[in-house]
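A look at the structure
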Amino acid sequence: MSEKTPLLHYRLSSNTAGSDRAVGVTVETSPSVSREAVEKPSKKLSTFFGVIMPTVLSMFSVVLFLRIGFVVGHAGLYQSMLMFFIAYLIITMTVLSICAVSTNGALDAGGAYYMISRALGPEFGGSIGIMFFFANICGCALYVLGLVEAVTVTFGVSEDATGLTYSYHVLPVGYWWCLLYGSGILLLCLVVCLVGAHIYARATFLIFLIVMTVLSSIFVSFFIVGPRTVVLPGACANSTLPARANYTGFKMETLLGNLWANYEVDYTTGSMMTFATVFAVMFNGCTGIMAGSNMSGDLKNPSYSIPRGTLTAVVFTFITYNLLACLLLQRNYSFLSDINIWGPLVTVGIYSSTLSAAMSNLIGASRILFALSRDKLFSGVFAPASRTSEGGNPWVSVLISWSLVQVVLLSGKLNTIASIVTIFFLLVYAAVDLACLALEWASAPNFRPTFQYFTWYTCALGILGCLVMMFLISAIYASVSIAFMLVLLLLIHYLGPSSSWGYISQALIFHQVRKYLLMLDVRKDHVKFWRPQVLLMVANPRSSTGLITFVNDVKKSGLYVLGHVQLGELEVLPADPLQSCYDSWLSLVDHLNIKAFVSLTLADSVRHGIQHLLFISGLGGMRPNILVLGFYDDCSPKNNLQDCVFPISTLSLDRFSPAKAQKRIFHFPAVRSDKVGSEAARAKDLSNEEYVYVIADAVKMQKSVALARYFCSFSRSEVLAKGKPGQSGLFVDVWPLNLLRPDNAGYVDTCSLFLLQLACVLHMSHAWHQARLRLFLCVETGCCLEEAKEKLQRMLKDLRFTADVYTVPWDHVVVLHGQRQEMAGKCRFKAQTEGHKDRAIECVQNFPSNTTLLSDEYLCAVNLLIREHGDPPPAVRFLYLPRPPADTRRYASYLHQLDLLSRDLGPTLLIHGVTPVITTAL
């Protein structure tokens, strides 16, 4: 099922034809659901055979027969029951999470891996799936070697002469013999798993009957068998330990004597037992709760069977363990055999439960591997494991799992691996709890599990309990396991293919962002916490990559929106044309490695479209406060965005075949300079007057404006390379004076300070930190140059700016403007003397702020002045942008003046600020 396939369509596609007719829906089988609903073989196992039996046998294993006396003998009845309560509290929290996740939708093969990957995403799912796979592999080998050890103890020939010899001690012992026995047992498990899940279920049912028979005989023996003397193991090796003990049957004195703990040295390891060590041994018998979930691909109804079967198995084993805890004998691993009505029956139970646990781990590992291969998280590494038989049995996965278990058997003893296997299982349980917790916290409407008996408290308690148990068993192995999981997570995140399962992180981020956006109150804004929030209007990204990357450095952790206006009217179009464009824009954001949002709009004109974006861009307190426009000139744009061939991943995980390549095509129109067609394709979408109208609109809406010129050939990497040692240096020039108003030489107005702030923000970014700010102060003769310079430096110090201040005499430039003013004065005088009152009023209104007083000669002189004081050439210049004139008839003249002012200056930003952005207060 693809990400965009409706869930209802998926459900209807999975129904029978009769059901479809009943609801009056015509169902078409689409390729997107073929894997889930068509190719998947029919499931046959019921709740009892598929969940209850495997889970009960896995939780019992050998702990039921070989460890229950050890636990009670050392810890006493009270602490034993406390241990069982704590252990089952932890696993019950996990079981509740399993029930919730498994009843939230259709469950497929893979068990815990499937649940975690679909809830937390492929990174967590893949890493946990690999760890769970290896845990099952090592667990299978562990149970096989345990069975071999039990067989050799019963039927093996003693290696020394001190051991007692009976007629049934006929099996030779030794490393190679034990390996041969283990391989034979593993071969038996392989045959059962290769035939299929139904044979496994029948074999498990037979073993289940045997174990229940043995368990019944144990309870009956406590009523039938009378008091007797039992030989305690370990007496010969350590004379300080008692050699014999008395079995008293039901006796109050025995009960009272075993209520409290009596920790002693373990006769098998020689180590002193404590609450933690005994608890770790006991907890190993509680880590089989996933045995039924692993069979999810072979169940008739996984969402029904897994919660009911797992809960039933947990309750049954808990009651059984607590009943056996009341039947006490100290230190002996095999006391049940000594006091049973027929001792060999317990031995059969040990063999059967261990064999069942080995088969359960083998078939569970194969199902996890099959699910991993089918999801293609590791590309072709696990590709062969996806093959199945006609009946749907993943025989290749079974063979691969069997071969890996065989390799692990070569190591012989697995006492060291046993602890890390348990930790791997606990880590998987913690991940299931985390998946359920994340789904609950995300508050997604589609998280509606039919199992309601859980809260986020139970999930958090399960996570905490699993982590505590991991470090209680072995802090070193727990740390190694977590580190291994993180390495796998990073590998899949950076090297694995993308998936369409949905990412819980997106739901959690949405939930938190919405909450904090509601808390972001615009009424509490303060100037000292101001930051640039930019709306950059992009006509064609192919010619704007330089500007896009530059503005990304100016935003200073603020909002950054790429805006675009597409001309058209929705009422005459069959569909929204913007929906198909978003993928290209988002791919552009990824390709340029910037942190920006994309906002597109459809309008009848560019001006109206920009108004729309200024009104609606952002959310809550995060709204653009700066509008950045490309400059309106006749420069031919260049195509800096080439459609290249990108591999699926830079480093492919598939080592069996070369990395497949895909062509990422940015569906943007050709730039005007490309000779691709008619003149209409190269025409601009707005006039020069409309361009100035856009600037005036933004100022009216209290948005600062920046006009970017000559950024079409701006290369960020080449520019920043100038700041490296041995290069010419990286400079940013700032001219804070309104050069179109030379009669007003002030540089401390709102717009000038806004200019300084943006330059400082650029300098604060990591990439531009090596740049040097050069601040140019224009002064006239008669002003003390040093005094003006010192005054500006004091102001910069108060504002915490670091810049080199240069004074620039510009009398020869100002005089050109003065001649223009003199001509205007003569015009006014002549109009007044001749009685043209209206013309005189017009001359007064146009002086001195009107742009008509500026001659081209003056503007060219200012432009030359800026270029002469640009050595070495700066990477970018910041210039003062005057407010557009109130008279709309002067818009063309205004734009012409800006063109002359900034011509041939290289990358330049003309900035007009409308709000205070600097404060000296703490």
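Thresholds, definitions, all that
Residues numbered from 1 in each chain as written. Predicted model: local features only at pLDDT ≥ 70, side-chain atom pairs only at ≥ 80, totals over all residues. Heavy atoms only, no water. Helix = DSSP H or I, 4+ residues; strand = E, 2+ residues; numbered from the N terminus. Contact = heavy atoms within 4.5 Å. Axes fitted to C-alpha atoms, helices over the stretch in contact; angles between N-to-C directions. Parallel < 35°, antiparallel > 145°, perpendicular 65-115°, else oblique. Left-handed = near helix turned anticlockwise from the far one by under 90°. Nonpolar A, V, L, I, M, F, W, Y, C, P; charged D, E, K, R; others polar. Core = buried A, V, L, I, M, F, W, Y, C linked by side-chain atoms within 4.5 Å. Buried < 20%, exposed > 50% of the residue type's maximum accessible area, 1.4 Å probe, protein only. Pairing = 2+ DSSP bridges. Right-handed = clockwise from strand over helix to strand, strands pointing away. Phe/Tyr/Trp six-rings, centres within 6.5 Å; stacked < 30°, edge-to-face > 60°. Lys NZ or Arg CZ within 6 Å of the ring centre and 35° of its normal. Patch = residues over 30% accessible without salt bridge, like charges linked within 9 Å, V, L, I, M, F, W, Y side chains within 5 Å. Areas by Shrake-Rupley, 256 points an atom, 1.4 Å probe, with all protein chains shown as cover. Salt bridge = Lys/Arg side-chain N within 4 Å of Asp/Glu carboxyl O. Disulfide = S-S within 2.5 Å. pLDDT = per-residue confidence, 0-100.

Observations concerning the environment of T287
Position of T287 relative to the elements: it lies in the loop between α12 (275-283) and α13 (302-325). When the C-alpha atoms of T287 and F425 are compared, they prove to be 6.7 Å apart, with 138 residues separating the residues in sequence. Ignoring sequence-local partners within four residues, the contact set of T287 consists of T422, F425 and Y429.

With respect to the packing of helix α9 (residues 175-195) against helix α16 (residues 395-409)
Where α9 meets α16, the axes come as close as 10 Å, and the angle between the chain directions of the two elements is 165°. If you check the angle between α9 and α16, you find them roughly antiparallel. Read as a crossing pair, α9 and α16 show a hand that is right-handed. Between α9 and α16, the residues in contact are L179, G182, S183, L186, L187, L190, C193 and L194 and W395, V398, L399, W402, V405, Q406 and L409, respectively. In terms of residue class, the contact of α9 with α16 is built from 12 nonpolar, 3 polar and no charged.

Some details on the nonpolar core
The biggest cluster of nonpolar side chains holds 142 residues, and the ones touching the most others in it are I289 and M290. Looking at this core element by element, the count peaks at 19 residues for helix α6 (residues 68-102). Setting aside residues up to four positions removed in sequence, I289 forms contacts with T55, M59, I91, T94, V95, I98, T310, V314 and Y429. Core analysis: the next-biggest nonpolar cluster, separate from the first, contains 63 residues, F668, F754, A759 and C760 among them.

What to know about the pairing of strand β3 (residues 534-537)
By the alternation rule, side chains of β3 split into V534 and L536 and L535 and M537, which are all buried. Direction of pairing for β3 relative to strand β4 (residues 560-567): parallel, over a ladder of 4 bridges. Its bridge partner being in β4, M537 is matched across the sheet by G563. In this view, the connection linking β3 to its parallel neighbour β4 by way of helix α21 (residues 545-554) has right-handed handedness. Relative to strand β6 (residues 626-630), β3 runs parallel, the two sharing 3 bridges. Bridge pairing in β6 links V534 to I626.

Describing the sheet that holds strand β10 (residues 731-735)
The 10 strands are arranged β5-β4-β3-β6-β9-β14-β13-β10-β11-β12 in an open sheet whose pairing can be described as mixed. At either margin of the open sheet sits one strand with a lone partner, and together these are β5 (597-603) and β12 (804-809). Between one strand and the next, the sheet's axes are offset by a mean angle of 25°, whatever the strand orientation. Contacts from helix α24 (residues 688-700) reach β6, β9 (704-709) and β14 (908-912) within the one sheet, and its direction differs from that of β6 by about 170°.

Quick word on the packing of aromatic side chains
One pass over the structure, following the stated rule, counts 25 aromatic pairs. Here the aromatic rings of F48 and F49 are separated by 5.5 Å at their centres, their planes lie at 90°, and the arrangement is edge-to-face. Taking relative accessible area as the criterion, F49 reaches 32% and is therefore assigned partly exposed. Measuring from ring centre to ring centre gives 5.7 Å for F550 and F714, while their planes differ by 75°; the resulting arrangement is edge-to-face. Of this pair, F550 sits in helix α21 while F714 is found in the loop between β9 and α25 (716-720), placing the two residues 164 residues apart along the sequence. Of the two residues, F550 and F714, neither departs from the other in class, the shared state being buried. Connected via pairs of aromatic rings, a cluster forms that spans F48, F49, F205 and F208. The positively charged end of R774 is found above the aromatic ring belonging to F731, 4.4 Å away from the centroid.

So, a nonpolar patch on the surface
Residues L82, F85, L89, L461, L464 and V468 make up a contiguous nonpolar surface patch of about 530 Å² in total accessible area. Counting residues per element, the ones that place at least two in the nonpolar patch are α6 and α18 (456-473). Within the secondary structure layout, L461 lies in helix α18.

Points about the pattern of salt bridges
Under the definition given, this model contains 10 salt bridges. Residues D899 and R709 are paired through a salt bridge, measuring 2.5 Å at the closest nitrogen-oxygen approach. Of this pair, D899 sits in helix α31 (residues 891-902) while R709 is found in strand β9, placing the two residues 190 residues apart along the sequence. Per residue, the accessibility class of D899 equals that of R709, and both read buried. The partner of D733 in a salt bridge is R774, and the shortest N-O contact between them spans 2.6 Å. You can see D733 sitting in strand β10 and its partner R774 sitting in strand β11 (residues 772-779), a full 41 residues away along the chain. Residue classification places D733 among the buried residues on the basis of a relative accessible area of 0%. Classification of R774 by relative accessible area gives buried; the value is 4%.

Notes on unusual backbone geometry
Cis geometry is found at the peptide bond from D871 to P872, where omega equals -5°. Along the chain, P872 falls in the loop between α30 (856-868) and β13 (876-880). Even without being glycine, S557 reaches a positive phi, approximately 60°. Topologically, S557 is positioned in the loop between α21 and β4. Judged by its relative accessible area of 63%, S557 is exposed. One non-glycine residue, D904, lies in positive phi territory at about 60°. Within the fold, D904 resides in the loop between α31 and β14.

Here we look at the state of the cysteines
With the rule as written, the count across this model stands at 0 disulfides. Just so you know, C635 is unpaired, no disulfide at all, and the nearest cysteine sulfur is the one on C712, 6.2 Å from it. For C635, a relative accessible area of 32% corresponds to the partly exposed category.

Some points on the confidence of the model for the chain
Per-residue confidence for the chain averages 77 on the pLDDT scale, and 76% of its residues sit at or above 70. Below pLDDT 50 for its whole length, residues 1-42 participates in 38 contacts with residues either more than four positions away or in separate chains. Contacts for the low-pLDDT stretch residues 645-662, under 50 throughout, to residues beyond four places or in other chains number 25 contacts.

Side note on helix α23 (residues 606-616)
Within α23, burial applies to V606, G609, I610, Q611, L613 and L614. Looking at the buried residues of α23, the elements they touch are β3, β4, β5, β6 and α24.

Here we look at the pairing of β14
Across the 5 residues of β14, 5 count as buried, placing the element largely inside the fold. Neither face of β14 is left uncovered, since the one carrying T908, L910 and H912 and the one carrying L909 and I911 both have all their residues buried. Two strands pair when backbone bridges link them, and β9 and β14 are joined in this way by 5 bridges, in the antiparallel orientation. Directly across from V705, in β14, lies its bridge partner H912. Examined bridge by bridge, β13 and β14 share 4 bridges and lie parallel to one another.

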